[in-house]
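# A closer look at the structure
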Amino acid sequence: MEIKSRVPFISHAQLEAAADRLLAQYEREIQPVFSPPVPVEQIADFLLELGIEWLDIPDSDESPILAYLHPGAGTIRLNERRLAYFEAHPGTYEYTLAHEIGHYQLHLTPGDNPAQVFVYRHRQSVKDRREWQAEQFASYLLLPERLLLPALEGVELYRWPNLYRLRDQFGVSITALRIRLEALGYLHVGGNGKLYPNQLTAARDHRQEMQR
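Notes on the structure in this doc start here. (Residues numbered from 1 in each chain as written. Predicted model: local features only at pLDDT ≥ 70, side-chain atom pairs only at ≥ 80, totals over all residues. Heavy atoms only, no water.)

## Section: the sheet that holds strand β1 (residues 51-55)
So the rule is basically this: By definition, two strands form a pair when at least two bridges between them are found by DSSP. Strands are runs of DSSP state E lasting at least 2 residues, helices are runs of H or I lasting at least 4, and numbering of each runs from the N terminus. Axis geometry follows a simple rule: fit a line to the C-alpha atoms, using only the stretch in contact for helices, then measure angles between N-to-C directions, giving values from 0 to 180 degrees.
Strand order in the open sheet formed by four strands is β1-β3-β2-β4, and the pairing between neighbours is mixed. Both edges of this open sheet fall to β1 and β4 (118-121), since each of them pairs with a single strand only. Mean inter-strand twist for the sheet, computed between neighbouring axes without regard to direction, equals 20 degrees. Taken together, the five bridges between β1 and strand β3 (residues 75-79) define a ladder with parallel strand orientation.

Written out as structure tokens, the structure is:
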């Protein structure tokens, strides 16, 4: 992973705190959020006053662009060319909005060029620190612990259908949910797609399979 040294380091704890502060601000100024999904569209529109537009954004299959933030125009612009991708992958729209909100919250400073944009390219093999931070912020914003942990109670997490129900409940992609649960230590996905409580259990299962 390539890290641009000019982008300040922000820890996981700081990113989570920033996402929690934004959600708390929405609850104070707009309305409380008692259950998922987190209203990311309303956070962008009503709280941050960021317009949401669909435009034809030139890109390529090798470097597909899902959206970009244009701070000077106060808009998040989504790519009409990738509408089929958004429709085929539930939660991608919400995650993309949260990602660009992450840039808006974390990476803008007074005196920035108003024409500067933050582009979200899907399937980037190399991400700089700024993109990584926006990704983590999006995960924390859409899957805050205070909403996620109660939703996990009584749920058998080692069955994919249950994870897909949680995905739909929170309005996120299955990938975002999996990464968040793994980071919290609730889940590990093996190389074969099998679900385990942790990496140790996965390794033990793999050894047993090799011995058969």
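## Topic: the environment of Gly193
For Gly193, the position within the fold is in the loop between β5 (188-189) and β6 (195-196). For the pair formed by Gly193 and Trp160, sequence separation is 33 residues and the distance between their alpha carbons is 9.4 Å.

## Observations regarding helix α8 (residues 174-183)
Applied cut-off: For every residue, the accessible area obtained with a 1.4 Å probe (protein chains only) is divided by the maximum for its type, and the residue is called buried under 20%, exposed over 50%, and partly exposed between those limits. This arc is taken over the directions from the axis of the helix to the C-beta atoms. We call two residues in contact when some of their heavy atoms are within 4.5 Å.
Three or more residues of α8 are buried, namely Ile174, Ala176, Leu177, Arg180 and Leu181. What you see down the axis of α8 is that its buried residues fit within an arc of 160 degrees, all on one side. Where the residues of α8 are buried, they touch α1 (12-29), α4 (92-106), α5 (129-142), α6 (145-152) and α7 (160-170). Following α8 by one or two positions, Gly185 has its phi on the positive side, about 85 degrees.

## Topic: the packing of aromatic side chains
Rule in force here: Stacked, edge-to-face and tilted labels apply to pairs of Phe, Tyr and Trp rings (six-membered ring for Trp) whose centres lie within 6.5 Å, assigned for plane angles under 30 degrees, over 60, and everything in between, in that order.
A complete count under the given rule lists three aromatic pairs for this structure. Both rings, one in Trp54 and one in Phe86, keep their centres 5.4 Å apart while their planes meet at 85 degrees; by these two values the pair is edge-to-face. Remark: Phe86 occurs in helix α3 (residues 83-88) and Trp54 occurs in strand β1; sequence separation between them is 32 residues. Overall, Trp54 belongs to the partly exposed group, its relative accessible area being 31%. Taking relative accessible area as the criterion, Phe86 reaches 8% and is therefore assigned buried. Taken together, a centroid distance of 6.1 Å and an interplanar angle of 45 degrees make the contact between Trp160 and Tyr164 tilted. With a gap of four residues between them, Trp160 and Tyr164 both fall in helix α7, about one helical turn apart. On the basis of relative accessibility, which here comes to 29%, the residue Trp160 falls in the partly exposed class. Since its relative accessible area comes to 35%, Tyr164 is described here as partly exposed.

## Brief notes about the side chain of Thr96
Counting through the fold element by element, Thr96 comes out in helix α4. Dropping the residues within four chain positions of it, Thr96 is found in contact with Leu66, Ala67, Leu78, Phe86 and Tyr120.

## Overview of unusual backbone geometry
Cis geometry is adopted by the peptide bond preceding Pro37, which originates at Pro36 and carries an omega value of 5 degrees. Locating Pro37 in the fold gives a position in the loop between α1 and α2 (40-47). Of note in the backbone geometry, Glu49 takes a positive phi value of approximately 55 degrees without being a glycine. Locating Glu49 in the fold gives a position in the loop between α2 and β1. In this structure Glu49 comes out as exposed when scored by relative accessible area, which is 64%.

## Some remarks on the pairing of strand β2 (residues 65-70)
Within β2, six of the six residues are buried, leaving the element largely enclosed by the surrounding structure. Sheet topology places β2 next to β4; four bridges connect them, and they run antiparallel. When the sheet's bridge partners are listed, Ile65 is paired in β4 with Arg121. Sheet topology note: the β2/β3 ladder contains four bridges and is antiparallel. In the sheet register, Ala67 faces β3, and the bridge partner there is Leu78.

All we've got here are geometric facts, nothing functional implied.
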